[in-house]
Amino acid sequence: SGSTKIQSMKAISIIVASLIFGACHWINHEYALIAAIIGVYLGLLYHFTGNLLAPMTAHALFNRRTASGDEVGRARSVWSIWSVRLLTKKNQIAK
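Here the structure is a predicted model, which means the values were calculated and not measured.

Here is what the cut-offs are and how they apply
- Residues numbered from 1 in each chain as written.
- Predicted model: local features only at pLDDT ≥ 70, side-chain atom pairs only at ≥ 80, totals over all residues.
- Heavy atoms only, no water.
- Helix = DSSP H or I, 4+ residues; strand = E, 2+ residues; numbered from the N terminus.
- Buried < 20%, exposed > 50% of the residue type's maximum accessible area, 1.4 Å probe, protein only.
- Contact = heavy atoms within 4.5 Å.
- Polar contact = N/O pair within 3.5 Å; in protein donor to acceptor, adjacent residues only side chain to side chain.
- Core = buried A, V, L, I, M, F, W, Y, C linked by side-chain atoms within 4.5 Å.
- 1 Å grid on protein atoms, 1.4 Å probe; cavity = no way out; pocket = protein on both sides within 12 Å on 5 of 7 lines; lining within 4 Å.
- Points joined across faces, edges and corners; volume = space filled by probe spheres on them.

**Some remarks on the overall build of the chain**
Thought 1: Of the regular secondary structure elements, the chain holds four helices and zero strands.
Thought 2: Tracing the chain from N to C terminus, the helices and strands come up as α-α-α-α.
Thought 3: Looking at the 95 residues of the chain, the share that counts as buried comes to 23%.
Thought 4: Taking the intrachain contacts of the chain between residues at least 6 apart in sequence as the baseline, contacts between residues at least 24 apart amount to 41%.

Take a look at the structure:
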């Protein structure tokens, strides 16, 4: 049916975009794989929220967390990630 085809195309799009995301973050095989998995998460975050700001914020927060070596930076990042999750849940309820 038409809706099954659309869902399949969305899934393929997220996978392809995630592989490109992993390739763009290439340092070694392991890092590229991790980045591709994060790309799937970011793609799904966009898919379920319909808001590009959600994955952009999650990506920025992840970058901040990995760049920050201090405990305060990590704690703020964890709090911020929970905020993105809360935003995601609110958007799902609103739909």
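Okay, back to it.
**Details of the side chain of serine 18**
Thought 1: The residue serine 18 is located in helix 1 (residues 2–24) in this model.
Thought 2: A polar atom in the side chain of serine 18 sits 3.0 Å from the backbone nitrogen of valine 40.
Thought 3: Leaving out residues up to four positions away in the same chain, serine 18 has contacts with Ala36, Gly39 and Val40.

**Let's talk about the nonpolar core**
Side chains of nonpolar character tend, in soluble globular proteins, to be buried together.
Thought 1: Within the largest apolar cluster, six residues are counted, these being Phe21, Ala35, Leu42, Leu45, Ala54 and Ala58.
Thought 2: Elements supplying a minimum of two residues to this core: helix 2 (29–49) and helix 3 (53–67).
Thought 3: Sort the elements by how many residues they give to this core and helix 2 lands first, with three residues.

**Overview of the layout of surface pockets**
Thought 1: Considering only enclosed or pocket space, the largest pocket measures out at about 310 Å³ in volume.
Thought 2: Taken together, 15 residues form the lining of the largest pocket, with Ala17, Gly39, Leu42, Gly43 and Tyr46 sitting closest to its centre.
Thought 3: Breaking the lining of the largest pocket down by element, the ones donating at least two residues are helix 1, helix 2 and helix 3.
Thought 4: Tallying contributions element by element places helix 1 first for the lining of the largest pocket, with six residues.

So yeah, pure geometry; function would need other evidence.
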